[in-house]
Amino acid sequence: MSEVIHADHHDDHAHGPAKGLLRWLYTTNHKDIGTLYLWFSFTMFLIGGVMALVIRTELFQPGLQFIEPEFFNQMTTNHGLIMVFGAIMPAFVGLANWLIPMQVGAPDMALPRMNNLSFWILPFAFSMMISTLFMEGGGPNFGWTFYAPLSTTYAPDSVTYFIFAVHLMGASSIMGSINIIATILNMRAPGMTLMKMPMFVWTWLITAYLLIAVMPVLAGAVTMMLFDIHFNTSFFNAAGGGDPVMFQHIFWFFGHPEVYIMILPAFGIVSHIIPTFARKQLFGYTSMVYAVASIAFLSFIVWAHHMFTVGMPLAGQLFFMYSTMLIAVPTGVKVFNWISTMWRGSMTFETPMLFAIAFVVLFTIGGLSGLMLAITPADYQYHDTYFVVAHFHYVLVPGALFSIIAAVYFWIPKWTGKMYDESLGKLHFWLSFIGVNVTFFPQHFSGLAGMPRRIPDYALQFADFNMISSIGAFIFGFSQVFFLYVLIKTIRSGAPAAGRSWEGAKGLEWTLPSPAPYHSFTYPPEVKNEEVHG
Amino acid sequence: MTVKTEQQNEIRRTVKKLALVVVGMCFFVAALVPLYDLFCEVTGLNGKTGGPYVFDEAKTSPDTSRLVKVNFLTNTNQGMSWDFWPEKGAVRVHPGAANTVSFYVKNTTGRPMIAQAIPSLVPSSAAEYFHKTECFCFEQQLLQPGEELEMPMRFIVDRGLPRNVQTINLSYALFDVTERIGLPADVQNSDPASPIAGG
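Note that the structure is predicted; figures quoted are calculated from it, not measured.

**Focus on the overall build of chain A**
- Of regular secondary structure, chain A possesses 17 helices and two strands.
- A globule of 534 residues ought to have a C-alpha radius of gyration of about 24 Å, and chain A, at 23 Å, matches this closely.
- In terms of its C-alpha atoms, chain A occupies a principal-axis envelope of roughly 75 × 50 × 45 Å.
- By residue count, 54% of the 534 residues in chain A fall in the buried class.
- In chain A, the proportion of contacts linking residues at least 24 apart, taken out of those at least 6 apart, comes to 83%.

**Quick word on the overall build of chain B**
- Broken down by element type, chain B carries two helices and nine strands.
- Along the chain direction, N to C, the helices and strands of chain B fall in the order α-β-β-β-β-β-β-β-β-β-α.
- Considering only contacts in chain B between residues 6 or more positions apart, those separated by 24 or more positions represent 76%.

**Some details on the nonpolar core**
- Among the nonpolar cores identified, the biggest contains 173 residues, and A:Ile88, A:Ala221, A:Val292, A:Phe355, A:Phe359 and A:Ala406 are the most heavily contacted of them.
- Counting residues per element, this core draws most heavily on helix H15 (residues 386-416) of chain A, which supplies 22 residues.
- Contact partners of A:Ala406, with chain neighbours within four places excluded, come to A:Ile269, A:Ile273, A:Pro352, A:Phe355, A:Ala356 and A:Phe359.
- B:Val68, B:Met80, B:Phe130 and B:Ile168 belong to the second-largest nonpolar core, a separate cluster that totals 31 residues.

**Thoughts on unusual backbone geometry**
Residue and element names in this part refer to chain A.
- Cis peptide bonds are those with omega within 30 degrees of zero, and the linkage from serine 514 to proline 515 qualifies with -5 degrees.
- Mapped onto the elements of the fold, proline 515 is located in the segment after strand E2 (495-496).
- Residues other than glycine seldom take positive phi values, yet arginine 344 does so here, at roughly 60 degrees.
- With respect to the secondary-structure elements, arginine 344 resides in the loop between helix H12 (328-342) and helix H13 (351-374).
- Look at arginine 344 and you get exposed, because 9 C-beta atoms sit within 10 Å.
- Unlike most non-glycine residues, arginine 454 shows phi in positive territory, near 60 degrees.
- Here arginine 454 lies in the loop between helix H16 (422-448) and helix H17 (463-493).

**Concerning the interface of chain A and chain B**
- On the side of chain B, 25 residues touch chain A, which itself brings 25 residues to the contact.
- At the level of elements, helix H6 (159-186), helix H7 (199-230) and helix H8 (244-261) of chain A are the ones that each hand at least two residues to the side of chain A that touches chain B.
- Broken down by element, the side of chain A that touches chain B gets its largest block of residues, six residues, from H6(A).
- Its residues assigned to classes, the side of chain A that touches chain B shows 18 nonpolar, six polar and one charged.

**Some details on the sheet that holds strand E6 (residues 130-134) of chain B**
All names here are of chain B.
- Read from one edge of the open sheet, four strands run E2-E4-E8-E6, paired in antiparallel fashion. Two strands lie at the open edges of the sheet, namely strand E2 (83-86) and E6, each paired on one side alone. Sheet twist, expressed as the average angle between the axes of neighbouring strands with direction ignored, equals 30 degrees.
- Here E2 runs beside strand E4 (residues 98-106); their pairing, made up of four bridges, is antiparallel. In the sheet register, proline 86 faces E4, and the bridge partner there is phenylalanine 103.

**Observations regarding the confidence of the model for chain A**
- Summing up the model confidence of chain A, the mean pLDDT is 94 and the portion of residues at 70 or higher is 97%.
- Confidence drops under a pLDDT of 50 for residues 1-13 of chain A, and excluding neighbours within four residues, the segment shows four contacts in the predicted structure.

**Re the domain arrangement of chain B**
- Each assigned domain of chain B is listed here: domain 1 (1-43) and domain 2 (57-188).
- Centre-to-centre, using C-alpha coordinates, domain 1 of chain B lies 44 Å away from domain 2 of chain B.

**A few points about the sheet that holds strand E7 (residues 141-143) of chain B**
Residue and element names in this part refer to chain B.
- Ordered by their spatial adjacency, five strands build an open sheet running E3-E1-E9-E5-E7, and the pairing between neighbours is mixed. Whereas interior strands pair on both sides, the edge strands pair on one side only; in this sheet they are strand E3 (90-93) and E7. In this sheet, neighbouring strand axes are inclined to one another by 30 degrees on average, regardless of whether the strands run parallel or antiparallel.
- Two elements, strand E5 (residues 113-122) and E7, share three bridges in a ladder whose sense is antiparallel. Note that in E7 the partner of isoleucine 114 across the bridge is leucine 142.

**A look at the pairing of strand E1 (residues 68-76) of chain B**
- Bridging between E1(B) and E3(B) involves four bridges; their strand directions are antiparallel. By the bridge assignment, B:Lys69 is partnered in E3(B) with B:Arg92.

**Topic: the packing of helix H9 (residues 264-278) of chain A against H13(A)**
Residue and element names in this part refer to chain A.
- Here H9 crosses H13 at 125 degrees, and the two axes come no closer than 9 Å. As the angle between them shows, H9 and H13 are arranged oblique. With respect to the hand of their crossing, H9 and H13 are arranged in left-handed fashion. Contacts between H9 and H13 involve Ala266, Val270, Ile273, Ile274 and Phe277 on the former and, on the latter, Pro352, Met353, Ala356, Phe359 and Val360.

**Here we look at the environment of A:Ile88**
Residue and element names in this part refer to chain A.
- Here isoleucine 88 is to be found in helix H4 (residues 69-104).
- Isoleucine 88 gets classed as buried once you count the C-beta atoms within 10 Å, which come to 27.
- A sequence separation of 309 residues divides isoleucine 88 from valine 397, and the C-alpha atoms of the two residues are 9.5 Å apart.
- The residues contacting isoleucine 88, other than those within four sequence positions of it, are Met83, Met262, Leu396, Ala400 and Leu401.

**Concerning the environment of A:Phe465**
All names here are of chain A.
- Along the chain, the position of phenylalanine 465 falls in helix H17.
- The class for phenylalanine 465 is buried, based on 21 C-beta atoms found within 10 Å.
- Once the C-alpha coordinates of phenylalanine 465 and asparagine 29 are considered, the two residues, 436 residues apart in sequence, prove to be 48 Å apart.

Rules used throughout
- Residues numbered from 1 in each chain as written.
- Chains lettered and ligands numbered in written order.
- Predicted model: local features only at pLDDT ≥ 70, side-chain atom pairs only at ≥ 80, totals over all residues.
- Helix = DSSP H or I, 4+ residues; strand = E, 2+ residues; numbered from the N terminus.
- Rg over C-alpha atoms; globule rule 2.2 N^0.38 Å.
- Buried ≥ 20, exposed ≤ 12 C-beta atoms within 10 Å, placed from the backbone.
- Contact = placed C-beta atoms within 7 Å.
- Core = buried A, V, L, I, M, F, W, Y, C linked by C-beta atoms within 7 Å.
- Nonpolar A, V, L, I, M, F, W, Y, C, P; charged D, E, K, R; others polar.
- Pairing = 2+ DSSP bridges.
- Axes fitted to C-alpha atoms, helices over the stretch in contact; angles between N-to-C directions.
- pLDDT = per-residue confidence, 0-100.
- Domains from an automatic or database assignment.
- Parallel < 35°, antiparallel > 145°, perpendicular 65-115°, else oblique.
- Left-handed = near helix turned anticlockwise from the far one by under 90°.

This is the structure in structure tokens:
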């Protein structure tokens, strides 16, 4: 029966992409939109990276050499906002677009037109935000956490552009998440039960729920700012009966789940790459799923650990300290499972595997400094120092970012049909690995010694650590430009890749030819047990 | 094709549910604001003291067995140059007794301004036991250039104050709300374009 239908309709679906540039504007194809997201996030990553290098140039030596403090503040703020909302999040959404339909055996995303809209909102949002840097009075300069009243009473006039940019980003994320959940819940190939889903799909399912829950909270926070600034309300203004501390509660109620939004898909990616190159099944699939779900739940009840110093009763401090430390349990489960997966495996160390192993090691370092920060009395010392900067850069750069780079190396043969140059990939890895550690490891020390964050100048005693940090930042920055070269070289002249590009790779996407056809799984594939990770 | 349409219906149902979650979360954020105020009021956490208190002197007697020290702190919010200080830095009072203190304020600028004082009290466990029958913080003060004012504040420390609380610190921050409230028409500044500090 199905064979007959197949023959009848096959011609209708055999067309390729439309020609010309408008293809990218009108496309509803999940692969096209995935590509758009990935290139967009790479562009944002380079812009945010240039800002980071401006910061590190100024901090190379104590004293003010290159830029004004006011511009320095705009650089730190925009670096944070662009990397969080413009680089990491869209990169994960791009990967979700490319991979989720292929991994669950669906022909496309559930809502292809909304998919197009959620992407095309983003360039407008970020043009609007970045354009404020060229306006009179400058762009956002209040830190990426935009605490009121810094971001309301004392904000530059351009803050309204920032607020609407955040609204747009939120709308894009919410639509993207609804699309992802609808795809995963309704469009899986017959036989793919929830507990047979690949880990990347599982982590994105949970991430999408987090996004839907907290993006409206962020939108609410910036809307209250908008009202305080323009409509004379006093949500965050003590003079009118409001409370600036409430801003921090609302922001971090969004902000803490947000940091897991940026790491859960990374967990999924690493759970694909490590089994592939260890040539073993993922150890403890079920516990991995439950660990991700527990981390997601805990992310909602730990927010105040970002604000221990606002003056909280002892009971509150203890609650947030212990609930934060509890997160180490499911995270530990995941780290142990990755290590157990590698245990006695026939390991090889291709570039994606190198990035994945570096992820496990360096993310764990970031997790440990997180535990140190969770200790309330110690946090009074660490709060707002470079120790915090070192902590969250360890979980975001060799954490989230390394996983994205690993994913690109791992799946690029599937996307382009071409294999990257292994020795260039390895060179990129080692440059990045050395660069990231030289940049951020010394910041632990300068932070413990008391160097505050978000300052353009510092006391002489921190000079050496800062100089090392700046050198590392330039190594890291230029190695990402090298990454761009590796990618372009792969796309233009990479060696042809096989359908199953990696010997140990499992999953429905590897049953497709490389490059994956423009329309894949128009008819649901058979889910064979040997392709299932669990 | 029925499989396809059935799937479309399922997707539609999922999207509707998820959209409801989004709408629900929007209401949740809106509700967070009153919930936050309620939480602070119940726990006294942010040191806010309550509104006007009705005090019946006949029904209560001072607890002469103990004295509680009440410290007064005053400051003006950034950019506001008024003089503002308490008549006495501290008083010792019996719980249950009515006390009157006064605060001095002077508009040192060359234009009429409206000020609003915001109280904050520590320890927070004492917030619900600190009652004010009369306070300048219940209303705004409009002062002409150079005008000064003695502002009374009548308060009672509740007899129920936990015995371990021996000192209460009450701080007042004075905010410039001229722009927010707007000057009445009859005292409009001759130079409306003059910059207003603190925004």
